[in-house]
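Coordinate analysis (summary)
Here's the letter readout for the chains.
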Amino acid sequence: MSLESTVSSPTISSPAVKLATAVGRAGKRNRARKLTTRLRTIALAAIVPVGLLLLWDVMVRWTGTRLIPPPSGVAVMMWDFAFGGIYDDAYSGSLPIHFWKSVQRVYGGFFLAALAGIPLGLMLGRIPVLRAMMDPTLSLLRPIPVTAWLPLSMIFFGLGPKSAVFLVFLGAFYPILLNTVFGVKSVDARLFEAAGMLGCSGPQLFRAVVLPAALPSIFNGLRLGASFAWILIVVGEMTGVPEGLGAVIMDGRTLSRTDLVITGMIIIGITGFVSDRLLVMLSNHFLRWSPQHHA
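All values derive from a computational prediction rather than experimental measurement.

Some words on the overall build of the chain
Counting its secondary structure elements, the chain contains 11 helices and zero strands. Each helix and strand of the chain, ordered N terminal to C terminal, gives the series α-α-α-α-α-α-α-α-α-α-α. A buried classification covers 36% of the 295 residues belonging to the chain. Long-range contacts, defined as pairs at least 24 residues apart, comprise 66% of the intrachain contacts of the chain with a sequence gap of at least 6. Accessible surface computed for the chain: about 18,100 Å², of which carbon and sulfur atoms make up 71%.

Here it is, written out as structure tokens:
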């Protein structure tokens, strides 16, 4: 019996072994394909930034200007701004505090804009009477530049971070609001008919139909609002705040420290990019039922 088992065992297990081997090879090929795709995406995304850096360096050397530093000079400034030990001035090693203050103001204004813009946009999109009442006023206020609100913000909130948060809020509010309204108004009427036939009404209809169908537009508005929030932090921190990336940029302009200005610009750009990627990840998570909306 033992001999029979020994003889028959390879025959019985051979298909299973082959299947397991094939599955393992397919898994390796799939992982290798994903890695290749990711590396290709990173390489393609790096072409333009690397090209711009090379063009920047060539133009500075060719013109011989001292007003704009080469990329190597900005890299040195970024290192000193983050870790210190090179220039040993007021900005050496001060990145953490400036960065943290700007993050508080940007996301404070952004979250306030989202808390106000999304519910109001949902109501304006679903209630025609409310939309008729508020749309003219919103259309009148929307074209006013945020910089025009700067003096009033300092009167309303005084010098300091509250004025900066208010200006960031204004910049992020309208993209979030308008995209939410557009998303709600774009919901297919047949979805309401189908939901009504299934017995959905009132709040249940809103949760089951309106909100999921409007989510793609809402996330587009959040991405635009986050971008505008980082754009406007420089204006917001013109309100007399001593710390923040916008304040550093303004100080660099006053002191003719172009390397400091460009350093602040690069840090804001990188942080805004990371913020956008996080929102894309959230969008892909909540819209995983809709592959065409994956970014």
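Focus: the packing of aromatic side chains
Scanning the model with the defined rule gives 11 aromatic pairs in all. Centre to centre, the rings of W79 and F83 are 4.4 Å apart; their planes meet at 50°, and the pair counts as tilted. In this pair, W79 and F83 both sit in helix 2 (residues 71–83), four residues apart, roughly one turn of the helix. On the accessibility criterion, F83 (58% relative accessible area) is exposed. For the pair F157 and F166, a centre-to-centre distance of 5.0 Å together with 40° between the ring planes defines the contact as tilted.

Some points on the packing of helix 2 against helix 11 (residues 258–286)
Close contact between helix 2 and helix 11 brings their axes to 9 Å; oriented N to C, the two are set at 75°. If you check the angle between helix 2 and helix 11, you find them roughly perpendicular. Residue-level inspection shows V74, M77, M78 and F81 of helix 2 in contact with helix 11, the latter providing D259, L260, I262, T263, I266 and I267. Looking at the contact of helix 2 with helix 11, its residues break down into eight nonpolar, one polar and one charged.

Quick look at the nonpolar core
Counting 50 residues, the largest nonpolar core has F81, F110, F173 and L222 as its most contacted members. Of all the secondary-structure elements, those providing two or more residues to this core are helix 2, helix 3 (95–126), helix 4 (128–141), helix 6 (161–185), helix 8 (203–231), helix 9 (233–236), helix 10 (245–254) and helix 11. For F110, the contacting residues outside a window of four places in its chain are V168, A172, I176, L222, G225, A226, A229 and L279.

Looking at the packing of helix 3 against helix 6
Working note: a packed helix pair is described by the angle between its axes plus the distance between those axes. At a minimum axis distance of 6 Å, the contact between helix 3 and helix 6 shows a crossing angle of 30°. When the axes of helix 3 and helix 6 are compared, the pair comes out roughly parallel. Note that helix 3 runs across helix 6; the crossing there is right-handed.

Overview of the pattern of salt bridges
Within the structure shown, the criterion is met by six salt bridges. A salt bridge links R257 to D89, with the nearest nitrogen and oxygen atoms 3.4 Å apart. Taken as a pair, R257 in the loop between helix 10 and helix 11 and D89 in the loop between helix 2 and helix 3 lie far apart in primary sequence, 168 residues in all. Across the pair D276 and R277 runs a salt bridge, and its minimum N-O distance is 2.9 Å. Assessed through its relative accessible area of 33%, R277 is described here as partly exposed. Connected through shared salt-bridge partners, D89, R257 and D259 make up one network.

Some words on the side chain of E237
Secondary-structure assignment places E237 in the loop between helix 9 and helix 10. Take E237: its relative accessible area is 3%, and that puts it in the buried class. A distance of 3.0 Å separates polar atoms of two side chains, one belonging to E237 and the other to S102. Not counting chain neighbours up to four residues away, the residues in contact with E237 comprise S102, R105, A164, E243, G244, L245, G246 and A247.

Looking at a nonpolar patch on the surface
On the surface, a cluster of nonpolar side chains totalling about 860 Å² of accessible area is made up of L44, I47, V48, L52, L55, V58, M59 and W62. Its location among the elements puts M59 in helix 1 (residues 2–63).

Concerning unusual backbone geometry
With a phi close to 50°, D88 is a non-glycine residue in the positive phi region. Looking at the secondary structure, you find D88 in the loop between helix 2 and helix 3. Phi is positive for S256, close to 55°, though the residue is something other than glycine. Following the sequence through the fold, S256 ends up in the loop between helix 10 and helix 11. The class for S256 is exposed, based on a relative accessible area of 62%.

Rules of the game
- Residues numbered from 1 in each chain as written.
- Predicted model: local features only at pLDDT ≥ 70, side-chain atom pairs only at ≥ 80, totals over all residues.
- Heavy atoms only, no water.
- Helix = DSSP H or I, 4+ residues; strand = E, 2+ residues; numbered from the N terminus.
- Buried < 20%, exposed > 50% of the residue type's maximum accessible area, 1.4 Å probe, protein only.
- Contact = heavy atoms within 4.5 Å.
- Areas by Shrake-Rupley, 256 points an atom, 1.4 Å probe, with all protein chains shown as cover.
- Phe/Tyr/Trp six-rings, centres within 6.5 Å; stacked < 30°, edge-to-face > 60°.
- Axes fitted to C-alpha atoms, helices over the stretch in contact; angles between N-to-C directions.
- Parallel < 35°, antiparallel > 145°, perpendicular 65-115°, else oblique.
- Nonpolar A, V, L, I, M, F, W, Y, C, P; charged D, E, K, R; others polar.
- Core = buried A, V, L, I, M, F, W, Y, C linked by side-chain atoms within 4.5 Å.
- Left-handed = near helix turned anticlockwise from the far one by under 90°.
- Salt bridge = Lys/Arg side-chain N within 4 Å of Asp/Glu carboxyl O.
- Polar contact = N/O pair within 3.5 Å; in protein donor to acceptor, adjacent residues only side chain to side chain.
- Patch = residues over 30% accessible without salt bridge, like charges linked within 9 Å, V, L, I, M, F, W, Y side chains within 5 Å.

That's the geometry; what it means functionally is another story.
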